[in-house]
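# Fold and contact review
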Amino acid sequence: MSTDEFFMAKALRLAEQAGAVGEVPVGALVVKDGEIIGEGYNQPISGCDPTAHAEIVAMRNAADNTNNYRLNDCDLYVSIEPCTMCVGAMIHGRIGRVIFGAAEPRAGALQSQLQLMEQSHYNHSFEWYGGVLEQQCGDLMSDFFRRKREKKN
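Let us look at the structure shown here.

## Describing the overall build of the protein
Looking only at helices and strands, the protein features 4 helices and 5 strands. Listing every helix and strand of the protein by position from the N terminus yields α-β-β-α-β-α-β-β-α. Burial statistics for the protein: of 153 residues in total, 44% are counted as buried. For the protein, restricting intrachain contacts to residue pairs at least 6 apart in sequence, the fraction spanning at least 24 positions comes to 57%. If you sum the accessible surface of the protein, you get close to 8100 Å²; carbon and sulfur atoms cover 47% of it. Both charge centroids of the protein, one from 14 positive and one from 20 negative side chains, sit 7 Å from each other.

Structure below.
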């Protein structure tokens, strides 16, 4: 198992925690020098906070743990491709690298829709790539929404 797969597996476990409490199952970790310094999972419903996406929660946790709002040279692992809001927070937090599991075809802001990191006007950019444990990450989301649809019927 590669380092990226190791950390993505941990993000997947956080995503499962989100799904278990009825949140969209997304999990995220912030890693610096091989150590997890922040983690989170989706909490907008339970936290009554539209900004409480897994990535934001993980970055807030990392900033608290390091007593620094800048997360220079940190990697952020997230089970699903980040949205526009989260990419903006990653830029402002100075994340160094973003690794995601499955693409998010409707709202993904790195490859699926807006390709925000291809824009040249930002004062910071980061490396990114997706597809790490892609099948497991995608299946978790698909299963969650399938169960929600079945409950409606």
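## Here's the deal with the environment of Trp128
Mapped onto the elements, Trp128 comes out in strand 5 (residues 127-130). Sequence separation between Trp128 and Glu104 is 24 residues, and the spatial gap between their C-alpha atoms is 14 Å.

## Considerations on the packing of helix 1 (residues 3-20) against helix 4 (residues 134-152)
Two elements in contact, helix 1 and helix 4, have axes separated by 10 Å at closest approach and are oriented at 5°. Between helix 1 and helix 4, the angle is such that the two are roughly parallel. Every residue of helix 4 that contacts helix 1 at Met8, Leu12, Ala15, Glu16 and Gly19 is listed here: Gln136, Cys137, Leu140 and Phe144. Within the contact of helix 1 with helix 4, the residues separate by chemical class into 6 nonpolar, 2 polar and 1 charged.

## Examining the environment of Glu118
Turning to its location among the elements, Glu118 is positioned in the loop between strand 4 (97-102) and strand 5. Considering only alpha carbons, one finds Glu118 and Met8, 110 residues apart in sequence, at a separation of 24 Å.

## Regarding the packing of aromatic side chains
Taken as a whole, this structure holds 4 aromatic pairs when the rule is applied. An aromatic cluster is built from Phe6, Phe7 and Tyr77, whose rings are joined through pairwise contacts.

Analysis parameters
Residues numbered from 1 in each chain as written. Predicted model: local features only at pLDDT ≥ 70, side-chain atom pairs only at ≥ 80, totals over all residues. Heavy atoms only, no water. Helix = DSSP H or I, 4+ residues; strand = E, 2+ residues; numbered from the N terminus. Buried < 20%, exposed > 50% of the residue type's maximum accessible area, 1.4 Å probe, protein only. Contact = heavy atoms within 4.5 Å. Areas by Shrake-Rupley, 256 points an atom, 1.4 Å probe, with all protein chains shown as cover. Lys, Arg positive; Asp, Glu negative; His and termini not counted. Charge placed at Lys NZ, Arg CZ, Asp CG, Glu CD. Axes fitted to C-alpha atoms, helices over the stretch in contact; angles between N-to-C directions. Parallel < 35°, antiparallel > 145°, perpendicular 65-115°, else oblique. Nonpolar A, V, L, I, M, F, W, Y, C, P; charged D, E, K, R; others polar. Phe/Tyr/Trp six-rings, centres within 6.5 Å; stacked < 30°, edge-to-face > 60°.

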